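Letter by letter, the chains look like this.
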Amino acid sequence: MPRQYLPYTWVSPKLKSGKSAIHGDGVFADQKIAEGEKVMEFGGERISREQAFSGNYRSRSVWMINKDLFLALPKTDTHISLDENLNHSCDANTWLEDEVTLTALREIKPEEEITLDQGTWNFEDSAYTDNKEPCSCGTVSCRHILTENDWKILDLQERYQGHFHPMVQKMVDAG
Ligand SMILES: [Zn+2]
């Protein structure tokens, strides 16, 4: 049986939307979140790679499950989905447990912005990622320019070991 995915992303009730210092709107903790606590489970309509890049889906909602299967929300769907405001940080406070589950990698304080390092999942130079984009996360470990090859950096592989997107984790493990 193939895994069932949620029709919409599940977002912890401890999260809220807010103005980000990193980029536009962001996702913030409304209260303390414990290390290891689940914060999101990505969901959406099951679509093909071709559909994902057709322009008919909300670009910030597109999430890869595997090479040929993506989750996304069609542009005709006006449902508010907080995960679309999730920003990147080069020193993120969440990581992946599997292809759709986001957990806190350390305790997160109230009012802290929730971030995910795109180096944990981005390995394609594609329309739904921000490759060669300057980063303004402002952390000491900022890489300044983000690319689809960041997962190859040893420091990232050590920091996020076991918590990359499964497709990236396989490539990390293969060396
Ligand atoms: Zn950065």
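One can find the structure itself at the top, above this paragraph.
Computed from a predicted model, the values in this text were never measured in an experiment.

(A) A look at the overall build of the protein. For the protein, the count of helices and strands is three helices and 11 strands. Sequence-ordered secondary structure for the protein, helices as α and strands as β, is β-β-β-β-β-α-β-β-β-β-β-β-α-α. Computed over the C-alpha atoms, the radius of gyration of the protein is 15 Å, within 12% of the 16 Å expected from 2.2 N^0.38 for a compact globule of 175 residues. Taken over the C-alpha atoms alone, the protein extends approximately 40 × 40 × 35 Å along its principal axes. Counting across all 175 residues of the protein, residues that qualify as buried make up 38%. Restricting to contacts in the protein with at least 6 residues of sequence separation, those with at least 24 account for 62%.

(B) Fine view of the pairing of strand β7 (residues 69-72). As paired strands, strand β5 (residues 45-47) and β7 are joined by three bridges and run antiparallel to one another. Considered in β7, the bridge of I47 is made with F70. In this sheet, β7 lies alongside strand β6 (residues 63-66) in antiparallel orientation, the contact comprising three bridges. Bridge pairing in β7 links M64 to F70. Between β6 and β7, which pair antiparallel in sequence order, lie two residues.

(C) Region of the structure containing the sheet that holds strand β4 (residues 38-41). Pairing is antiparallel across the open sheet formed by four strands, whose spatial order is β1-β4-β9-β8. At either margin of the open sheet sits one strand with a lone partner, and together these are β1 (10-11) and β8 (94-96). Bridge count for β1 against β4 is two bridges, and the pairing is antiparallel. Residue pairing in the sheet places V11 in a bridge with M40 of β4.

Cut-offs applied
- Residues numbered from 1 in each chain as written.
- Predicted model: local features only at pLDDT ≥ 70, side-chain atom pairs only at ≥ 80, totals over all residues.
- Helix = DSSP H or I, 4+ residues; strand = E, 2+ residues; numbered from the N terminus.
- Rg over C-alpha atoms; globule rule 2.2 N^0.38 Å.
- Buried ≥ 20, exposed ≤ 12 C-beta atoms within 10 Å, placed from the backbone.
- Contact = placed C-beta atoms within 7 Å.
- Pairing = 2+ DSSP bridges.

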